[in-house]
Amino acid sequence: MPPAEEEVPRGWLAAGRASRRLVLVVVFVALLLDNMLLTVVVPIVPTFLYTTEYEATNSSAAPAQAELAPPALKAPPFSSLFSYFDNTTVTISDSTSAMDTVNRTKSILPPQPPPSTPPVPSSCPEGEEFLTEENVRVGLLFASKALVQLVVNPFVGLLTNRIGYHIPMFIGFTIMFLSTIMFAFSGTYTLLFIARALQGIGSSFSSVAGLGMLASVYTDDFERGNAMGIALGGLALGVLVGAPFGSVMYEFVGKSAPFLVLALLALLDGGEKWLLADVTPPFVTPQSTKGTPVTTLLRDPYILVAAGALCFSNMGVAMLEPTLPIWMMQTMCSPKWQLGMAFLPASISYLIGTNLFGVLANKMGRWLCSLIGMAVVGISLLCVPLAKNIYGLIGPNGGLGFAIGMVDSSMMPTMGYLVDLRHTSIYGNVYAIADVAFCMGFAIGPSMGGAIVRAIGFPGLMIIIGVINVAYAPLCWFLRNPPAKEEKMAILSQECPMQPRSYSTQKTPHDLPLADESDVEAEEEE
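Residues numbered from 1 in each chain as written. Predicted model: local features only at pLDDT ≥ 70, side-chain atom pairs only at ≥ 80, totals over all residues. Heavy atoms only, no water.

Looking at an unreviewed UniProt entry, one finds the chain named VMAT1 protein and attributed to Brachypteracias leptosomus. Under the UniProt heading Subcellular location (unreviewed entry), the entry covering the chain gives this text: "Membrane". What UniProt records for the chain under Sequence similarities (unreviewed entry) is the sentence "Belongs to the major facilitator superfamily. Vesicular transporter family." (UniProt positions renumbered as here; feature names shortened; annotations may be inferred.)

This is the structure we're talking about:
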């Protein structure tokens with residue numbers, strides 16, 4: 001190939017690696033695939049376990065019951081009688097003998113109820129007790145992903161601070177691909193549990209590295225808020241497509257089909273990312289500045305308030321994922337395709353909320369946007385048990401998704417802003433904490449939700465988590481004016497929507513050396 005032609009693709013790749021939009025696209029797709037796999041199993045797992053375990057057990061018991069049925073009518077053992085009284089032979093007709101045999105059989109068998117009108121066919125599944133127990137098992141399976149992710153996240157945050165963001169992102173894509181393939185061909189609860197836990201490891205790598213990468217290339221707080229809103233749109237789109245896509249594909253194609261499609265998408269995106277970046281893109285080089293330790297960030301009350309808002313708002317939808325499909329099967333007799341479609345209003349409204357409030361939250365204040373969002377989350381959850389059919393779920397689920405979009409699009413940029421304001425501007429650890437907050441919501445929610453439903457029922461579960469969200473909402477007021485260190489104030493934009501309050505810190509004279517002219521000016525000011 002001539003040198004001039006070789007320079008064209010090289011120049012295109014170099015321009016691509018230097019583009020912030022490419023970073024945004026990569027993070028968008030990573031969150032999209034992660035959350036499609038997160039939600040595609042929601043309508044599949046309950047019905048798959050019901051079909052493979054409960055119905056299979058009952059069908060195997062059916063032949064044993066058939067053996068207990070009464071034997072078929074046989075011909076009488078004789079067809080004539082000889083009378084020694086008058087030396088004559090009396091012939092017995094077959095019809096008479098058959099009628100006598102039937103009468104004898106009826107006298108032995110218990111009386112049958114009189115014929116009545118045939119029952120109306122119902123799509124409600126049998127085995128009420130099995131479905132109640134399944135709430136707990138499905139909840140633990142869904143929670144396994146978040147529990148594993150909760151453990152892995154801090155280590156990924158430390159890893160990104162040392163080697164950058166690109167390699168952990170690629171590791172995440174690889175593990176997600178393996179997890180998706182395992183989901184496609186798993187036929188037992190144990191294998192599904194392992195695949196879900198493996199997904200947690202891949203999700204930890206891709207989400208922590210992706211959000212940290214995004215925060216590092218969008219240094220302006222306003223641009224970062226917009227970029228986070230777009231990236232969270234990928235999360236919303238994954239949630240939007242996942243559950244309906246999984247229910248329709250499972251109903252009309254089969255269990256493996258949706259997972260094979262997701263595996264292909266993960267493979268293509270991972271290959272594209274590897275081609276567009278050599279070893280480490282220019283924006284994601286290993287950090288020369290040491291980031292703030294996780295323990296220090298966890299002692300910051302403002303970061304804890306923001307993380308708690310992310311945790312409790314997402315815990316509501318996390319509790320709905322394993323319990324709502326089973327509740328619909330029990331009370332609404334819903335077919336398979338409706339189990340995933342019930343989450344469609346929440347997904348669409350979440351997509352609208354993240355993109356709308358990614359910009360609007362800068363104007364109205366992120367603390368106020370999050371406060372209103374958590375209150376609406378609680379009210380929407382309280383209204384879910386009032387639905388009598390799938391159409392009654394449109395309003396509560398739509399309000400739930402819109403409100404969670406308000407909280408996520410407000411608190412994710414706030415986490416990065418608090419690090420800029422109060423700590424070192426290295427974002428791997430703080431977004432590891434943000435992901436831990438998500439994981440706690442999606443770990444505690446499904447695992448406890450199934451047990452609570454078994455104890456007090458689905459309406460009681462919605463009341464508990466709804467009240468928690470409403471009660472937590474006023475804490476977002478403390479994020480209105482977070483204090484900042486004086487040395488950090490000099491590098492922050494003065495036009496930030498969150499007006500910080502500064503406070504003095506004790507520093508030795510050797511930490512910030514001043515010129516002679518600066519000393520004179522300082523004495524004059526005193």
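Here the narrative resumes, following the displayed structure.
A. View of the side chain of Ser410. Position of Ser410 among the secondary structure elements: in helix α15 (residues 394-422). Of the polar contacts made by the side chain of Ser410, one reaches the backbone oxygen of Met406; its length is 2.7 Å. Once residues within four sequence positions are removed from consideration, Ser410 is found in contact with Ala361, Arg366, Cys369 and Ser370. (Helix = DSSP H or I, 4+ residues; strand = E, 2+ residues; numbered from the N terminus. Polar contact = N/O pair within 3.5 Å; in protein donor to acceptor, adjacent residues only side chain to side chain. Contact = heavy atoms within 4.5 Å.)

B. The pattern of salt bridges, seen in detail. Applying the stated criterion to the full structure yields 1 salt bridge. Between Arg422 and Asp300 there is a salt bridge, with the nearest N and O atoms lying 2.7 Å from each other. In this pair, Arg422 is assigned in helix α15 and Asp300 in the loop between α10 (294-298) and α11 (301-331), connecting sequence segments 122 residues apart. Residue Arg422 is classed as buried on the basis of its relative accessible area of 11%. Residue class for Asp300 comes out buried when judged on its relative accessible area of 3%. (Salt bridge = Lys/Arg side-chain N within 4 Å of Asp/Glu carboxyl O. Buried < 20%, exposed > 50% of the residue type's maximum accessible area, 1.4 Å probe, protein only.)

C. View of the nonpolar core. Core analysis: the biggest nonpolar cluster contains 110 residues, and Leu214, Leu320, Leu324, Met328, Met415 and Tyr431 have the highest contact counts within it. Setting aside residues no more than four positions away along its own chain, Leu320 makes contact with Pro325, Phe343, Leu381, Val384, Asn397, Leu400, Phe458 and Met462. Ranked by size, the runner-up nonpolar core spans 6 residues in total, among them Val152, Val156, Ile175 and Phe205. (Core = buried A, V, L, I, M, F, W, Y, C linked by side-chain atoms within 4.5 Å.)

D. How the structure looks around the packing of helix α14 (residues 366-383) against α15. The contact between α14 and α15 brings their axes to 8 Å, and the two run at 150°. Classified by the angle between their axes, α14 and α15 sit roughly antiparallel to one another. The two elements α14 and α15 meet at a crossing, and its hand is left-handed. Across the interface between the two elements, Arg366, Cys369, Ser370, Ile372, Gly373, Met374, Val376, Val377, Ser380, Leu381 and Cys383 from α14 touch Pro396, Gly399, Leu400, Ala403, Ile404, Met406, Val407, Ser410, Met411, Pro413, Thr414 and Tyr417 from α15. (Axes fitted to C-alpha atoms, helices over the stretch in contact; angles between N-to-C directions. Parallel < 35°, antiparallel > 145°, perpendicular 65-115°, else oblique. Left-handed = near helix turned anticlockwise from the far one by under 90°.)

E. How the structure looks around the environment of Met228. For Met228, the location among the structural elements is in helix α8 (residues 221-252). Residue class for Met228 comes out buried when judged on its relative accessible area of 1%. Residues Met228 and Asn355, spaced 127 residues apart in sequence, show a C-alpha to C-alpha distance of 9.0 Å.

F. Spatial organisation of the environment of Glu321. The topology assignment puts Glu321 in helix α11. Measuring from C-alpha to C-alpha, the distance between Glu321 and Gly139 comes to 8.3 Å, with 182 residues separating the pair along the chain. Those residues in contact with Glu321 that sit more than four places away from it in its chain are Thr39, Val42, Phe142, Phe343 and Phe442.

G. Focus on the packing of helix α13 (residues 344-364) against α14. At their nearest, the axes of α13 and α14 sit 6 Å apart, and the two run at 115° to each other. Contacts between α13 and α14 involve Phe357, Ala361, Asn362 and Met364 from the first element and Arg366, Leu368, Cys369 and Ile372 from the second. Of the residues assigned to the contact of α13 with α14, the class counts are 6 nonpolar, 1 polar and 1 charged. (Nonpolar A, V, L, I, M, F, W, Y, C, P; charged D, E, K, R; others polar.)

H. Seen up close, empty space enclosed by the protein. One pass over the full model with this rule turns up 5 cavities of 30 Å³ or more. Taken together, 32 residues line the largest cavity, and the ones lying closest to its centre are Asn35, Leu38, Leu235, Asn314 and Phe442. Every element with two or more residues in the lining of the largest cavity is listed here: α2 (20-40), α5 (128-163), α7 (189-217), α8, α11, α13, α15 and α16 (428-456). In terms of residue class, the lining of the largest cavity is built from 19 nonpolar, 8 polar and 5 charged. (1 Å grid on protein atoms, 1.4 Å probe; cavity = no way out; pocket = protein on both sides within 12 Å on 5 of 7 lines; lining within 4 Å. Points joined across faces, edges and corners; volume = space filled by probe spheres on them.)

I. Molecular detail of α13. Here α13 is 21 residues long and its end C-alpha atoms lie 28 Å apart, about the 30 Å a rise of 1.5 Å per residue gives. In α13, a bend of some 45° at Phe357 exceeds every other bend along the element. Every buried residue of α13 is accounted for by Pro345, Ala346, Ser347, Ser349, Tyr350, Gly353, Thr354, Phe357, Gly358, Ala361 and Asn362. Positive phi shows up at Gly365, right after α13, with a value of about 100°. (Expected span 1.5 Å × (residues − 1). Bend = angle between axes of the 7 residues up to and from the residue.)

J. Region of interest: the packing of aromatic side chains. Applying the stated rule across the entire model yields 6 aromatic pairs. Consider the rings of Phe312 and Tyr472, whose centres lie 5.2 Å apart with planes at 45°: the pair is tilted. Pair noted here: Phe312 is in helix α11 and Tyr472 is in helix α17 (residues 458-472), with a separation of 160 residues, a long-range link. Using a relative accessible area of 25% as the deciding quantity, one classes Phe312 as partly exposed. When the ring centre of Tyr189 is taken as reference, the NZ or CZ atom of Arg137 above it lies at 4.4 Å. A cation sits over an aromatic face here: Lys255 above Phe48, 5.2 Å from the ring centre. (Phe/Tyr/Trp six-rings, centres within 6.5 Å; stacked < 30°, edge-to-face > 60°. Lys NZ or Arg CZ within 6 Å of the ring centre and 35° of its normal.)

K. Quick look at α2. Here α2 spans 30 Å end to end across 21 residues, near enough to the 30 Å set by a 1.5 Å rise per residue. In terms of residue burial, α2 counts as a mostly covered element, since 17 of its 21 residues are buried.

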